[in-house]
Amino acid sequence: HKIASLREVFPNYHFAKSLDATSRYFHQNAYNVTLSINTIVLVDTFKFGKSTTQNFVTKTFYKLQNISESGEALVCSIKHNDTTYRVANFRLSYPATSLERINQLKKVFKYFNSHKNVFICGDFNLIDKKYFAWVQKFVLGYFQNQLDYLYEKSEFDKLIKKYGYNNPHVNMGTYLNILPKTQPDRILYPQNYKLKSADLHKKVFGSDHHIISVDLT
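Parameters at a glance
Residues numbered from 1 in each chain as written. Predicted model: local features only at pLDDT ≥ 70, side-chain atom pairs only at ≥ 80, totals over all residues. Heavy atoms only, no water. Salt bridge = Lys/Arg side-chain N within 4 Å of Asp/Glu carboxyl O. Helix = DSSP H or I, 4+ residues; strand = E, 2+ residues; numbered from the N terminus. Buried < 20%, exposed > 50% of the residue type's maximum accessible area, 1.4 Å probe, protein only. Core = buried A, V, L, I, M, F, W, Y, C linked by side-chain atoms within 4.5 Å. Contact = heavy atoms within 4.5 Å. Expected span 1.5 Å × (residues − 1). Arc of directions from axis to C-beta.

With that out of the way, let us pick up the pattern of salt bridges. Applying the stated rule across the entire model yields 5 salt bridges. When the shortest N-O distance is used, the salt bridge between lysine 47 and glutamate 72 registers 2.8 Å. Of the two residues, lysine 47 sits in strand β3 (residues 40–47) while glutamate 72 sits in strand β4 (residues 72–80), which places them 25 residues apart along the sequence. Where aspartate 215 meets lysine 196, a salt bridge forms, and the shortest distance between an N and an O atom there is 3.8 Å. Taken together, the residues aspartate 215 in strand β10 (residues 211–216) and lysine 196 in strand β9 (residues 195–201) connect sequence positions 19 residues apart. You can call aspartate 215 partly exposed: its relative accessible area is 34%.

Take a look at the structure:
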């Protein structure tokens, strides 16, 4: 089967960068792609650091799948009606420890704290259920630095409260697995915006995650 380029699939959108490779290339390299109907006036990246903790199983899986991590957020400045909005899109590593993911998020929130109209989104791979944390702990063998971060959701909730963000898809199961109501995916918006709707789309297109969306004013 032909693998369509992203420009073929989304011909009416502006891209965050020149995309001539196939969608499979972007998946394998853990790239983040941001598309906008409005003009993207600036594209930048913010490096929060690659994860350092992996065991033999995860290293082998990444090698076989030819997947690498960027350790950075793609930041797009989008202009609409004389207002500039910033979208920070990134992925955190599941094989990493809870401590690493929380520390990476702290860097992201701290960096954007001085900016206005910033929306933070992506696959955070947060372990937001206690039983899921214990599964990760024993399956992946992470016993170090975990005691204070077994329940990542509580640490995450503290961060979004501190920096004034809302998590509209809380308690929605965005991941297609047997573990109910796990939410690795987030769209976070500043509290000065009003939420009209937060949707989880049941139809999937070859992914193990549901598409999520928000409508804000």
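If you look at the biggest cluster of nonpolar residues, it comprises 21 residues, and the most contacted ones within it are Phe90, Leu105, Phe109, Ile120, Phe124, Tyr165 and Leu188. Counting only elements with at least two residues in this core, the list comes to β4, β5 (83–91), α4 (98–112), β6 (118–123) and α6 (152–163). Non-local contacts of leucine 105, meaning those with residues more than four positions away in its chain, are made with Phe90, Leu92, Phe124, Leu126, Phe156 and Leu159. By size, the runner-up hydrophobic cluster in this structure holds 9 residues, among which are Ile40, Leu74, Cys121 and Ile187.

Moving on, we get to α6. Taking 1.5 Å per residue, 12 residues should reach 16 Å; α6 reaches 17 Å between its end C-alpha atoms and fits that length. Looking at α6, one finds that the buried residues are Glu152, Lys153, Glu155, Phe156, Leu159, Ile160 and Tyr163. Looking down the long axis of α6, one finds its buried residues gathered within 160° of arc, a one-sided arrangement. The exposed residues of α6 that point more than 90 degrees off its buried face are Lys158, Lys161 and Lys162. Turning to α6, the residues buried within the fold contact α4, β7 (165–166) and β8 (185–190). A positive phi of about 75° marks glycine 164, the residue just after α6.

By themselves, these are just geometric observations and shouldn't be taken as functional.
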